[in-house]
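The primary structure of each chain is shown beneath.
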Amino acid sequence: MPELPLPWIAAMAALAQVADSPAIDGAMIARVVSRMLHVLSAIILGGGLFYMRSILSPAGAEACYAGRRSAWARWVAIASFLLLASGLFNFLAIFDQYRDAGHKLPPTYHMLFGVKVLLALAAMFIAAILAGRTAAANRFRAHLAQWLNIGWTAIIAIVVLGALLRAHHVLGPQGADGGAAAAPVESPHG
Ligand code: HEM
């Protein structure tokens, strides 16, 4: 058999690899983009709360915003919207994946997810009210350090819950009968 030129061999190898990897279709791209938006928004909201709590708040509320409170308030709104939208999409994609594989999401998943969403709403509220311009926002800012502590602790708990939720995929679902472990359902997150 004649020797194939190198580019052909490389192309064949790449093709062989794609054959084994998940189909790169619209659903796959949507899931990857949703996960990216979720993690990026978590970095913006969590990172902002962490920086204010650990670096700026000891110097007072004014130091936290450097006269740019409304700019941060806008990013809190954008990150919160993207977290809610991508979070809901992630949940529905995972739910569908389990259902298509003939399994139900275990009760522990629903419980952890519920706690995660409640903590997320609390963290979003704290970030928004501390960046607000109402009388209520001023009252919250009077206890800035305490609220930033609560907000940052909520973020840590949310990230731990995110990892625990994800562990459900890696470990694989139990069959509906709770008996022998079924083959792991491929996580939509890849
Ligand atoms: C402050 C708000 C939030 C933060 C910091 C946050 C953070 C995270 C992180 C770090 C992950 C793990 C990412 C990964 O490894 O794939 C995750 C996963 C997830 N989050 Fe959030 N999240 C927040 C809000 C929400 C909300 C509001 C929802 C639902 C409406 C949500 C639903 C989900 C889902 C479904 C997953 C995937 C879990 C899995 O792999 O089974 N998140 N989140």
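Residues numbered from 1 in each chain as written. Predicted model: local features only at pLDDT ≥ 70, side-chain atom pairs only at ≥ 80, totals over all residues. Heavy atoms only, no water.

S.K.: Describe in detail helix α5 (residues 107–130), supporting the description with residues and values.
M.R.: Given a rise of 1.5 Å per residue, 24 residues ought to cover 34 Å, and the 35 Å separating the end C-alpha atoms of α5 matches this to within 8%. What α5 keeps buried is the set Tyr-109, Leu-112, Lys-116, Ala-120, Ala-123, Met-124, Ile-126, Ala-127, Ile-129 and Leu-130. (Helix = DSSP H or I, 4+ residues; strand = E, 2+ residues; numbered from the N terminus. Expected span 1.5 Å × (residues − 1). Buried < 20%, exposed > 50% of the residue type's maximum accessible area, 1.4 Å probe, protein only.)

S.K.: Break down the coordination of the iron atom of the ligand for me, with residues and values.
M.R.: Within the protein, the iron atom of the ligand binds to His-38 (NE2) and Lys-116 (NZ); these donor distances fall in the range 1.7 to 2.0 Å. Taken together, the 6 donor atoms coordinating the iron atom of the ligand span angles of 84 to 180 degrees at the metal, a pattern that classifies the geometry as octahedral. Highlighted residues: His-38 in helix α2 (residues 26–56) and Lys-116 in helix α5, separated in sequence by 78 residues. Using a relative accessible area of 16% as the deciding quantity, one classes His-38 as buried. (Donors = N, O, S within 2.8 Å, 3.2 Å for Na, K, Ca; no water. Tetrahedral: all angles 85-135°; square planar, octahedral: opposite > 155°, others 65-115°.)

S.K.: Residue-level account of the packing of α2 against helix α4 (residues 69–100), with values.
M.R.: The interhelical angle for the contact between α2 and α4, taken along N-to-C directions, is 140 degrees, at an axis separation of 8 Å. Judged on the interaxial angle alone, α4 and α2 are oblique. For the element pair α2 and α4, the recorded crossing hand is left-handed. Of the residues in the contact of α2 with α4, the class split is 15 nonpolar, 9 polar and 2 charged. (Axes fitted to C-alpha atoms, helices over the stretch in contact; angles between N-to-C directions. Parallel < 35°, antiparallel > 145°, perpendicular 65-115°, else oblique. Left-handed = near helix turned anticlockwise from the far one by under 90°. Nonpolar A, V, L, I, M, F, W, Y, C, P; charged D, E, K, R; others polar.)

S.K.: Can you tell me about the site of the ligand, naming the residues and giving the values?
M.R.: Around the ligand, the surrounding shell holds 23 residues, and the nearest of these are Arg-35, His-38, Tyr-109, Lys-116 and His-169. Residue Arg-35 places a side-chain N or O atom 2.9 Å away from an oxygen atom belonging to the ligand. Contacts to the ligand include Tyr-109, whose side-chain N or O atom sits 2.5 Å from an oxygen atom. Elements that contribute at least two residues to the shell around the ligand include exactly α2, α4, α5 and α7 (144–171). The element contributing the most residues to the shell around the ligand is α4, with 7 residues. (Near = heavy atom within 4 Å. Polar contact = N/O pair within 3.5 Å; in protein donor to acceptor, adjacent residues only side chain to side chain.)

S.K.: Residues and numbers for the packing of α4 against α5, please.
M.R.: Between α4 and α5, the shortest axis-to-axis distance is 10 Å and the interhelical angle comes to 170 degrees. On the basis of their axis angle, the class for α4 and α5 is roughly antiparallel. Mapping the contact onto sequence places Trp-72, Val-76, Ser-80, Leu-83, Leu-84, Phe-91, Ile-94 and Phe-95 in α4 and Tyr-109, His-110, Phe-113, Leu-121, Met-124, Ala-127 and Ala-128 in α5. Here the contact of α4 with α5 is built from residues that sort into 13 nonpolar, 2 polar and no charged. (Contact = heavy atoms within 4.5 Å.)

S.K.: Which residues make up the pattern of salt bridges, and what values do they have?
M.R.: Counted by the stated rule, this structure contains 2 salt bridges. Linking Asp-96 and Arg-99 is a salt bridge whose minimum nitrogen-to-oxygen distance equals 3.3 Å. Of the two residues, Asp-96 and Arg-99 are both situated in helix α4; the distance of 3 residues between them amounts to about one turn of the helix. On the basis of relative accessibility, which here comes to 30%, the residue Asp-96 falls in the partly exposed class. The closest approach of N and O atoms between Arg-99 and Asp-100, which form a salt bridge, is 3.3 Å. Judged by its relative accessible area of 48%, Arg-99 is partly exposed. (Salt bridge = Lys/Arg side-chain N within 4 Å of Asp/Glu carboxyl O.)

S.K.: An account of the side chain of Arg-141 is needed here, citing residue identities and associated values.
M.R.: Along the polypeptide, Arg-141 turns up in helix α6 (residues 135–141). Those residues within four positions of Arg-141 in sequence are excluded, and the remaining contacts are Ala-61, Tyr-65, Arg-69, Ile-129, Leu-130, Ala-131 and Gly-132.

Don't take any of this as a statement about function, it's just geometry.
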